[in-house]
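Geometric and topological summary
Listed below are the residues making up each chain.
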Amino acid sequence: MNPLLIQFLAEGREFIQAISEKLLALEDDPNNSTHMNELFRLVHTLKGNCGLFDFPEMSRVLHAAEDLMDAARAGRVTFSRALADQLLEAMDFVSELLDEISAAATDQTPSTSQYAARAVQLGEALRGLMVKDVVNSEEVVSEVAAEVSSAQYAAPASVEHVLAVVPEAVRMELYRRLTAGEPLYRLIYQPEEDCFFKGEDPFFQIIQLPDVHWRHVTTRENWPPLTELDAYRCILRFELILSADAAYLNEHFRYVSDQIEILPLTAAMLVVPTGRAQAEPMAADFVQAAQTALASRNYFALAQATRTLLELSAPNLWIASALRWLLLLLDLPEPIDDGLQRLLAGIGEHLASQIPSALPFAKAEEQSPSFATDHEKPSLEKGGLEGFKGFISADTLSSAQEVLEAQREILTLPSTPWLTGQLKAVAACLTGVCVSLGMENELTTLQQALETALADKTAQALLTWLDQLTLPSTTAVTELPSPLAPAASVFQSNTSTPTAATEPVAFNRRAEDQPNTPRTIKVEQIKIDRLMNLIGEMVVAKNALPYLAGRAEDVFGVRELSREIKSQYSVINRIAEEMQDAIMQVRLLPVSFVFQRFPRLVRDLAHRLEKEVRLVMEGEATEADKNIIEALADPCTSCATVSITDWKRRMCGVLRASRAKGA
């Protein structure tokens, strides 16, 4: 027989025993997710191992059992005694097949086709439990599906809302194409419900379209329950954005022209910021400063301010998406003021909705003059985004000071042939420092100093600008608590607690292959018996050494040799005894090997007799020789069976006796 098949048969019996134990444990604790997951893993692994061989009957039953366990694990089916009974019956069938295969005398893989009808019956019974639970919970599923589908497929309020489902990166690319003069169209295709019976193929129509930039498939109505789904009724709705000409699209769909809608796209439709709504404290100052910069058409300062706030915002926020759109509009050859103003107005409205006390930043020119206080709101002319200073840490200011000192050292270096590039590089670095500190008002003087330095071919103008530059006072900076501080403190507290040394976990393992699982190796019994025979011969051979020592001293008169033999005998004797004990330990099995069949036996008998029986097992760890354990199996099983059935018989006898006495 194939060695792989032999291994499968041995492991299969172990899996069946483990499955039975987990099923019985789940009967006592149906809500134990650990047992449920382990049971599913066992059934899944056994099914996968069975797939290596041509045993369709076994695969059919195990596949149905796996589906049932998956449904129970996911909560779609309630674990019950009936479910456990059906699974146990399925495992008994698999065990019977394993015995049939193991008894085959030929080297060829035996056929189990004679069990096909029974396998079909068991598979249908297992799947019937799933269908029953699905039918019982159909109303609940329908209600939940209706809520989800209505939220997912509700009619949008506007075209912009529809386009919000298009990924932002795709919309930005489409925006660039539109501003470059490329025409784009939005195609909506809703096939008729009976289109399949007319020989139409909606999917083929869609995949034949050229220059498709985005496609989306939804449904016109909620999906019906699976039991009522008509696979030949088409309720699909296709939506695409493509560059094909409208005349080509009309020609392509000329046979279903009444089922399509072709809409031209405009750039404004695509500018739809998306993301999680969250109040951003620094955005208020940004909107006011940005509107001032836009009014003066200072696009450079607006772009720098936008990048600064974008670096401080989480990428998945709505405000971050709006800032990315601002940068896209600013990167155009000719920035669109109307689009920029609409975006800034949208950011202001977003802030007003997130912070009720926020002013309508979208109309800064209408703000009440009484809003100004002793702490005047900064504008771009008075320091750019100076409002950000309250959120700059002392470490940032210290780092900026170090950068400025490094640039000063560069400017004081002797004149070099590449002085022009050196001056421009220093000016670029200084520009970054000013932007990061909210000192955009210094950029104009910095640009003038750079032009003077380039004209004079000396770094003196930039050095003078550095001498006149005044950084914000570190004492005025509000230190924000680092969001990592709590985590760091927890980490320190955890690391101070001594923990037991554990074996390092190797990655790319399955969850069940963790190092803490017992490691065993399967060895044929004949090999262990051979070891026992060899150690027996070794014991007999080493007992001859004392006789040789006596002859060496008495016959040959070599006392020192006799002493050496006796010394080595004591070492060989110790090693032989330890080896004999180790081999005996290999042959020992715990009594639990016999006890493990009792829970299933007691459960089935109690269920058949309609009685509650509690099984208590003690001393399972007691070990004995394998032959003794195997000899105890049948007598112990008979004792357990008789103790339950005789109890039932004695109870019936007592009742009959009491009735006779009463009569």
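Residues numbered from 1 in each chain as written. Predicted model: local features only at pLDDT ≥ 70, side-chain atom pairs only at ≥ 80, totals over all residues. Heavy atoms only, no water.

Observations concerning the nonpolar core
- One finds F8 and M58 to be the most contacted residues of the largest nonpolar core, which totals 45 residues.
- Of all the secondary-structure elements, those providing two or more residues to this core are α1 (3–28), α2 (33–50), α3 (56–73), α4 (81–102) and α5 (116–136).
- Per element, the largest residue contribution to this core is 11 residues, and it comes from α4.
- Once residues within four sequence positions are removed from consideration, M58 is found in contact with F8, C50, V94, L97, L98 and I101.
- M172, W214, W325 and L332 belong to the second-largest nonpolar core, a separate cluster that totals 38 residues. (Core = buried A, V, L, I, M, F, W, Y, C linked by side-chain atoms within 4.5 Å. Buried < 20%, exposed > 50% of the residue type's maximum accessible area, 1.4 Å probe, protein only. Helix = DSSP H or I, 4+ residues; strand = E, 2+ residues; numbered from the N terminus. Contact = heavy atoms within 4.5 Å.)

Re the sheet that holds strand β4 (residues 260–264)
- Strand order in the open sheet formed by 4 strands is β2-β3-β1-β4, with antiparallel pairing between adjacent strands. The sheet is open, and its two edges are formed by β2 (212–219) and β4, each paired on a single side. For this sheet, the mean angle separating the axes of adjacent strands, direction not counted, is 15 degrees.
- Here strand β1 (residues 185–189) runs beside β4; their pairing, made up of 5 bridges, is antiparallel. (Pairing = 2+ DSSP bridges. Axes fitted to C-alpha atoms, helices over the stretch in contact; angles between N-to-C directions.)

Here's the deal with the packing of α1 against α4
- Where α1 contacts α4, the two axes come as close as 10 Å, and the packing angle between them is 165 degrees. The orientation of α1 with respect to α4, classified from their angle, is roughly antiparallel. Crossing of α1 against α4: the hand is left-handed. Contacts between α1 and α4 pair L5, F8, L9, G12, R13, I16, I19, S20, L23 and E27 from the former with R81, A84, L87, L88, M91, V94, S95, L98, D99, I101 and S102 from the latter. (Parallel < 35°, antiparallel > 145°, perpendicular 65-115°, else oblique. Left-handed = near helix turned anticlockwise from the far one by under 90°.)

A closer look at the pairing of strand β3 (residues 236–242)
- When you tally the buried positions in β3, you get 6 out of 7 residues, the bulk of the element.
- Summarising the sheet, β2 and β3 pair through 7 bridges and their orientation is antiparallel. Bridged to R215 within β3 is L240.

Some thoughts on unusual backbone geometry
- In this structure, D211 takes a positive phi of about 55 degrees despite not being glycine.
- Its place among the elements puts D211 in the loop between α9 (202–207) and β2.
- The phi torsion at K457 lies on the positive side, around 55 degrees, for a residue other than glycine.
- For K457, the position within the fold is in the loop between α18 (443–456) and α19 (460–468).

Considerations on a nonpolar patch on the surface
- A surface patch of nonpolar side chains, amounting to about 290 Å² of accessible area, comprises M538, V571, I575 and M579.
- Here the nonpolar patch gets 3 residues from one element, more than from any other, and that element is helix α23 (residues 559–587).
- Tracing the backbone through its elements, the reader meets I575 in helix α23.
- In this structure I575 comes out as partly exposed when scored by relative accessible area, which is 39%. (Patch = residues over 30% accessible without salt bridge, like charges linked within 9 Å, V, L, I, M, F, W, Y side chains within 5 Å. Areas by Shrake-Rupley, 256 points an atom, 1.4 Å probe, with all protein chains shown as cover. Salt bridge = Lys/Arg side-chain N within 4 Å of Asp/Glu carboxyl O.)

Side note on the pattern of salt bridges
- One pass over the structure, following the stated rule, counts 20 salt bridges.
- Salt-bridge contacts for E221 lead to R233; the nearest nitrogen and oxygen are separated by 2.7 Å. Residue E221 is located in the loop between β2 and β3, and its partner R233 is located in the loop between β2 and β3; the two are separated by 12 residues in the primary sequence.
- Using a relative accessible area of 29% as the deciding quantity, one classes R233 as partly exposed.
- With its nearest N and O atoms 3.7 Å apart, the salt bridge here joins R574 to E578. Note that R574 and E578 are positioned in helix α23 at a spacing of 4 residues, about one turn of the helix.
- Of the residues examined, R574 reaches a relative accessible area of 44% and is grouped as partly exposed.
- Shared partners join several salt bridges into a network, and the residues in it are E173, R176, R177 and E182.

Some remarks on the layout of surface pockets
- One number sums up the size of the second largest pocket: a volume of about 980 Å³.
- For the second largest pocket, the lining is made up of 32 residues, of which S20, L24, P599, R600 and R603 are closest to its centre.
- Those elements that place two or more of their residues in the lining of the second largest pocket are α1, α4, α24 (592–595) and α25 (598–609).
- For the lining of the second largest pocket, the leading source of residues is α1, giving 8 residues.
- Grouping the constituent residues of the lining of the second largest pocket by class yields 12 nonpolar, 7 polar and 13 charged. (1 Å grid on protein atoms, 1.4 Å probe; cavity = no way out; pocket = protein on both sides within 12 Å on 5 of 7 lines; lining within 4 Å. Points joined across faces, edges and corners; volume = space filled by probe spheres on them. Nonpolar A, V, L, I, M, F, W, Y, C, P; charged D, E, K, R; others polar.)

With respect to the confidence of the model for the protein
- Mean pLDDT over the protein: 75, with 77% of residues reaching 70 or higher.
- Across the protein, the secondary-structure element scoring lowest on mean pLDDT is helix α20 (residues 485–495), at 37, and the one scoring highest is β3, at 91.
- Note that pLDDT drops below 50 for residues 137–158; the model gives that stretch 14 contacts with residues more than four away or on any other chain.
- Within the model, pLDDT remains below 50 along residues 355–391, and this stretch shows 57 contacts once partners closer than five positions in the same chain are excluded. (pLDDT = per-residue confidence, 0-100.)

Regarding the packing of helix α21 (residues 525–542) against α23
- Put simply, α21 and α23 touch, their axes get as near as 10 Å, and they point 155 degrees apart. The orientation of α21 with respect to α23, classified from their angle, is roughly antiparallel. Regarding α21 and α23, the two cross each other, and that crossing is left-handed. Packed against α21, whose contacting residues are Q525, I528, D529, L531, M532, I535, M538, V539 and K542, the element α23 presents Y569, I572, N573, A576, M579, Q580, I583, M584, V586 and R587 at the interface.
- Residue composition of the contact of α21 with α23, by class: 13 nonpolar, 3 polar and 3 charged.

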